Amino acid sequence: MVRRWIAGAIGVLAVALAACAPGGGEADGDKVTLSLWSWRVEDVKAYEKILATFEKSHPKIHVEFKPFQATEYNTILATGLSGSAGPDVAQLRAYGGLQPLVEAGRLVPLDGRIEALSGFDAKLLEGAKGHKDGRIYGVPFAYQTLQVLYNKRLFGDNGIQPPATWDDMIAAAGRLKAAGITPFAVAAGPDATWTLPIVHEIFGNARYGSAKFRDALLSGAKKFTDPDFTASITLLKDLEPYFPKNVVAVKIPDVQALFATGKAAMYPTGSFDLAPVLAANPSLEVGAFQVPPPPGSPVTTPVTPGWADGSFGVNAGSAHQAEALELVRWMATPEFGQLYASELKQLSAVPGVTPSDPLLAEMAKNYAANGAPYTLLVDFRYGQPNGDAVFRDEVQKMLIGQTEPKAVAESLQKGVEQWFKPGN
């Protein structure tokens, strides 16, 4: 009797231990349910379709897509990963947004565990690496490019062609403004200051010297107070007459509506905005152009700034790491990349994936030929104060009339000097 009782107890204990191990729950044939967290509330239906494809080839795994508000996601994810109620797989911010999770030891290093990562673009993998240890912690899912979207009908009606020179662009803006059309859809309101560094990159990347200037910054050979960088900030002040009236009160939905309804002819923005604009007006005929280098630019050919948008990583505390690794391994395949590009109208980071949308394909081609780093995002978000945040607040003040381009550059340099050490 005692022996039978001991044997039974051992059996119960074995089942309990198996359930607690990675992949536990499959011993009795049940599916393992993985939790996938994201900051993309608007992508629920697309991910449900994408993940259904994964589940067909992985019948023992079910994935629950759980999105949160983008503005709250960083805090929610950090809290979730520090306890037992976090996700198995998480959508991770890139560059400086990733680093706190790496330093806290919350993620599984993927080096050597996902063979396909060796074929990814090195520039995009940088966004998924630890800043100090250089290890890869996520599978990049997308990249973004920066350019000017334009309304083909408004250009045609006003006898305008995509500009070949900076002067062409300014002349087009003047003609559009005279016709009662807002030339550039730009927002600088309280909810939109994060777009100001993006607008600056689109118009000013070539003017400050693009990748060569970035290299000089990182080595300590130059600072943000360099005359070329100050001149790139001045461009925004010069272009302000072609922005919406009272631009510092304009919100992001406002500029999207201006462009989608044909009240604004050009929209300096990222590839991420193409899908929302077309969703708002499917009949809108949209083109895109790279901004011609402004006069005095060290770079004399147009550039397309870009960056890795984020990656998918595995929670180091997940009870189902084996299954979680299976999911992110699949996310590195062309099957996932093509689904992602098609369902979300985004530029997939997976090698060999060609966007079905011709305009996205054009953006990808421009980035491949003329890609440039979005310097403030790629390199200056690793400390506090965040360089990108300092810059956007100072540019807004400049547009209000409270400061000047030189002072903006000085504030940016002073801010990043508190933590950035050249050559490290």
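Report on the accompanying structure. Note that the structure is predicted; figures quoted are calculated from it, not measured. (Residues numbered from 1 in each chain as written. Predicted model: local features only at pLDDT ≥ 70, side-chain atom pairs only at ≥ 80, totals over all residues. Heavy atoms only, no water.)

**As for the overall build of the chain**
Each helix and strand in the chain was counted, giving 18 helices and 10 strands. For a compact globule of 424 residues, the expected C-alpha radius of gyration is about 22 Å, and the chain comes in at 24 Å, within 12% of that figure. Taken over the C-alpha atoms alone, the chain extends approximately 95 × 50 × 35 Å along its principal axes. Within the chain, the proportion of its 424 residues that are buried is 54%. (Helix = DSSP H or I, 4+ residues; strand = E, 2+ residues; numbered from the N terminus. Rg over C-alpha atoms; globule rule 2.2 N^0.38 Å. Buried < 20%, exposed > 50% of the residue type's maximum accessible area, 1.4 Å probe, protein only.)

**Thoughts on the layout of surface pockets**
Empty space within the second largest pocket amounts to approximately 630 Å³. The wall of the second largest pocket is formed by 27 residues, among which H131, L218, V378, D379 and Y382 lie closest to the centre. Secondary-structure elements contributing two or more residues to the lining of the second largest pocket are helix 4 (99-103), helix 5 (122-125), helix 9 (210-219), strand 8 (304-314) and helix 16 (375-379). In terms of residue count, helix 9 provides more of the lining of the second largest pocket than any other element does, four residues in total. (1 Å grid on protein atoms, 1.4 Å probe; cavity = no way out; pocket = protein on both sides within 12 Å on 5 of 7 lines; lining within 4 Å. Points joined across faces, edges and corners; volume = space filled by probe spheres on them.)

**Looking at helix 3 (residues 70-82)**
The end-to-end C-alpha distance of helix 3 is 19 Å, a good match for the 18 Å that 13 residues give at a rise of 1.5 Å each. Taken as a whole, helix 3 carries its principal kink of about 25 degrees at I76. Looking only at helix 3, the buried set comprises Y73, L77, G80 and L81. Buried residues belonging to helix 3 abut strand 1 (32-38), strand 3 (89-92) and helix 4. (Expected span 1.5 Å × (residues − 1). Bend = angle between axes of the 7 residues up to and from the residue. Contact = heavy atoms within 4.5 Å.)

**Regarding the pairing of strand 6 (residues 264-270)**
For strand 6, a buried count of seven out of seven residues is recorded, marking the element as mostly surrounded by other parts of the structure. Pairing analysis gives five bridges linking strand 4 (residues 139-151) to strand 6, with the strands arranged antiparallel. Its bridge partner being in strand 6, Y150 is matched across the sheet by M266. Two strands pair when backbone bridges link them, and strand 5 (residues 182-184) and strand 6 are joined in this way by two bridges, in the parallel orientation. Bridged to F184 within strand 6 is M266. (Pairing = 2+ DSSP bridges.)

**A closer look at unusual backbone geometry**
The amide bond that connects Q384 to the next residue, P385, takes the cis arrangement and shows omega of 0 degrees. As for its position among the elements, P385 is in the loop between helix 16 and helix 17 (387-400). Within the chain, S210 stands out as a residue other than glycine whose phi angle is a positive 55 degrees. Looking at the secondary structure, you find S210 in helix 9. One non-glycine residue, K345, lies in positive phi territory at about 50 degrees. Here K345 shows up in the loop between helix 14 (334-344) and strand 9 (347-348). Judged by its relative accessible area of 30%, K345 falls in the partly exposed class.

**Things to note about the packing of aromatic side chains**
According to the stated counting rule, one finds 30 aromatic pairs in the structure shown. Pairing W37 with F68 gives two aromatic rings, centres 4.9 Å apart and planes at 65 degrees, and the pair type is edge-to-face. Of the two residues, W37 is situated in strand 1 and F68 in the loop between strand 2 (61-67) and helix 3; the sequence distance between them amounts to 31 residues. Accessibility classification places W37 together with F68 in one group, the buried group. Their ring planes at 85 degrees and their centres at 6.4 Å tell us that F312 and F336 sit as a pair that is edge-to-face. Of the two residues, F312 sits in strand 8 while F336 sits in helix 14, which places them 24 residues apart along the sequence. The class for F312 is buried, based on a relative accessible area of 0%. Given the relative accessible area of 0%, F336 is considered buried. Here the aromatic cluster, defined as three or more aromatic residues joined through ring pairs, consists of W37, W39, Y47, F54, F65, F68, Y73, F141, F312, W330, F336 and Y340. Geometry around W39 places R93 over its ring, the cationic atom sitting 4.1 Å from the centre. (Phe/Tyr/Trp six-rings, centres within 6.5 Å; stacked < 30°, edge-to-face > 60°. Lys NZ or Arg CZ within 6 Å of the ring centre and 35° of its normal.)

**Considering the nonpolar core**
F184, F203 and M266 are the most contacted members of the largest nonpolar core, which totals 134 residues. Ranked by residues supplied to this core, first place goes to strand 4 with eight residues. Apart from residues no more than four positions distant in its own chain, F184 is found in contact with M169, A173, F203, L239, Y242, F243, P244, M266 and P268. (Core = buried A, V, L, I, M, F, W, Y, C linked by side-chain atoms within 4.5 Å.)

**Section: the pairing of strand 2**
As paired strands, strand 1 and strand 2 are joined by seven bridges and run parallel to one another. Bridging across to strand 2, T33 finds its partner in H62. Handedness of the strand 1-helix 2 (residues 44-57)-strand 2 crossover: right-handed. (Right-handed = clockwise from strand over helix to strand, strands pointing away.)

**Observations concerning helix 10 (residues 227-239)**
With 13 residues, helix 10 ought to run about 18 Å at 1.5 Å a step, and its terminal C-alpha atoms sit 19 Å apart, in line with that. Taken residue by residue, helix 10 has D228, F229, T230, A231, S232, I233, L235, L236 and L239 as its buried positions. In the core, the buried residues of helix 10 are packed alongside helix 7 (166-178), strand 5, helix 8 (196-208), helix 9, helix 17 and helix 18 (405-416). Regarding helix 10, its N-cap is D226, as a side-chain oxygen of that residue lies 2.9 Å from the backbone nitrogen of D228 further along. (Polar contact = N/O pair within 3.5 Å; in protein donor to acceptor, adjacent residues only side chain to side chain.)

**What about the side chain of S38?**
Within the element layout of this structure, S38 appears in strand 1. Given the relative accessible area of 0%, S38 is considered buried. Beyond its immediate stretch of four places on either side in the chain, S38 contacts F65, K66, P67, F68, Y73 and Q91.

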